[in-house]
Amino acid sequence: MENVNGTTQKQALVIFSGGQDSTTCLIQAIQKYGAANTVALSFSYGQRHGIELERAAWIAKDLGVEHHILDASVMGKVTTNALMDESQTIKEADAEDYPNTFVDGRNALFLLLAGIFAKSKGIRIIILGVCETDFSGYPDCRDVFVKSMNVTLNLAMDYNFNVETPLMYLTKAQTWELADQLGCLAYIEEHTHTCYMGVPGGCGECPSCKLRNAGLTEYLNK
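The following refers to the structure shown. The structure displayed is predicted, hence computed values, not measured ones.

This paragraph deals with the overall build of the chain. What the chain contains, in helices and strands, is 8 helices and 5 strands. N-terminal to C-terminal, the α/β element order of the chain is β-α-β-α-β-α-α-β-α-β-α-α-α. Over its C-alpha atoms the chain spans a radius of gyration of 17 Å, differing by no more than 12% from the 17 Å that the globule rule assigns to 222 residues. Over its C-alpha atoms, taken along the principal directions, the chain stretches across nearly 55 × 40 × 30 Å. Looking at the chain as a whole, 47% of its 222 residues are labelled buried. Considering only contacts in the chain between residues 6 or more positions apart, those separated by 24 or more positions represent 72%. If you sum the accessible surface of the chain, you get close to 10,900 Å²; carbon and sulfur atoms cover 51% of it.

This next bit is on the sheet that holds strand S3 (residues 66-71). Reading across from one edge, S3-S2-S1-S4-S5 is the order of the 5 strands in this open sheet, with parallel pairing throughout. Bordering the open sheet on either side are S3 and strand S5 (162-164), each of which pairs with just one other strand. Within the sheet, the average angular offset between the axes of one strand and its neighbour, ignoring direction, is 25°. Pairing geometry for strand S1 (residues 12-15) and strand S2 (residues 38-44), over 4 bridges, is parallel.

Relative orientation of the contacting elements helix H4 (residues 106-120) and helix H5 (residues 143-157) amounts to 40°, with a least axis distance of 10 Å. When the interaxial angle is binned, H4 and H5 end up oblique. The crossing of H4 and H5 is right-handed. Here H4 contributes Asn-107, Ala-108, Leu-111, Leu-112, Gly-115, Ile-116 and Lys-119 to the contact with H5, which in turn contributes Phe-145, Met-149, Leu-153 and Met-157. Of the residues assigned to the contact of H4 with H5, the class counts are 8 nonpolar, 2 polar and 1 charged.

Reading guide: rules and limits
- Residues numbered from 1 in each chain as written.
- Predicted model: local features only at pLDDT ≥ 70, side-chain atom pairs only at ≥ 80, totals over all residues.
- Heavy atoms only, no water.
- Helix = DSSP H or I, 4+ residues; strand = E, 2+ residues; numbered from the N terminus.
- Rg over C-alpha atoms; globule rule 2.2 N^0.38 Å.
- Buried < 20%, exposed > 50% of the residue type's maximum accessible area, 1.4 Å probe, protein only.
- Contact = heavy atoms within 4.5 Å.
- Areas by Shrake-Rupley, 256 points an atom, 1.4 Å probe, with all protein chains shown as cover.
- Pairing = 2+ DSSP bridges.
- Axes fitted to C-alpha atoms, helices over the stretch in contact; angles between N-to-C directions.
- Parallel < 35°, antiparallel > 145°, perpendicular 65-115°, else oblique.
- Left-handed = near helix turned anticlockwise from the far one by under 90°.
- Nonpolar A, V, L, I, M, F, W, Y, C, P; charged D, E, K, R; others polar.

Okay, structure coming up:
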């Protein structure tokens, strides 16, 4: 996209779930690049609760950014996990395994599809709200994975992508602090959905709710 002076205007594509982390990244991108130059991309991959995509659509509309939902339901054909199968009880990780909410290959697929989509729109910046500080033990949230995917996307499409992870080394408390610095802490708290159980406002008991709430409590008690 070119601005009135004929120079290239930076645009950003945010991989967007409607949760705390991706909404923080989306608002940060809007403040940095402008709503007109920020695109939110969500994925329907067979997640067990529709509220996630409903929140994503509502937030994107409320913030005035272009929003797309891609069908990635092919994941249900090749893997199973507690985030996609309501018959499974959500369990936290033990010492020898990942939590059963881990979706094999999810972030790899999301980044690949986001890269294809971004290139079609002339966008080079892709923003992903993962972190390896306070997280659920998912291997595809690590910095080494994201950097490897950045290289792979560049090589696969001969296109200079820049995959940014603004939250990579932040604790959940620090992510809440960032939201506060962006002037959106109350907005994030009220409108985002993180609960694995699909409960509006959060169940307070699932691993995702516990991590979110503990981080908020820690930040507010600083």
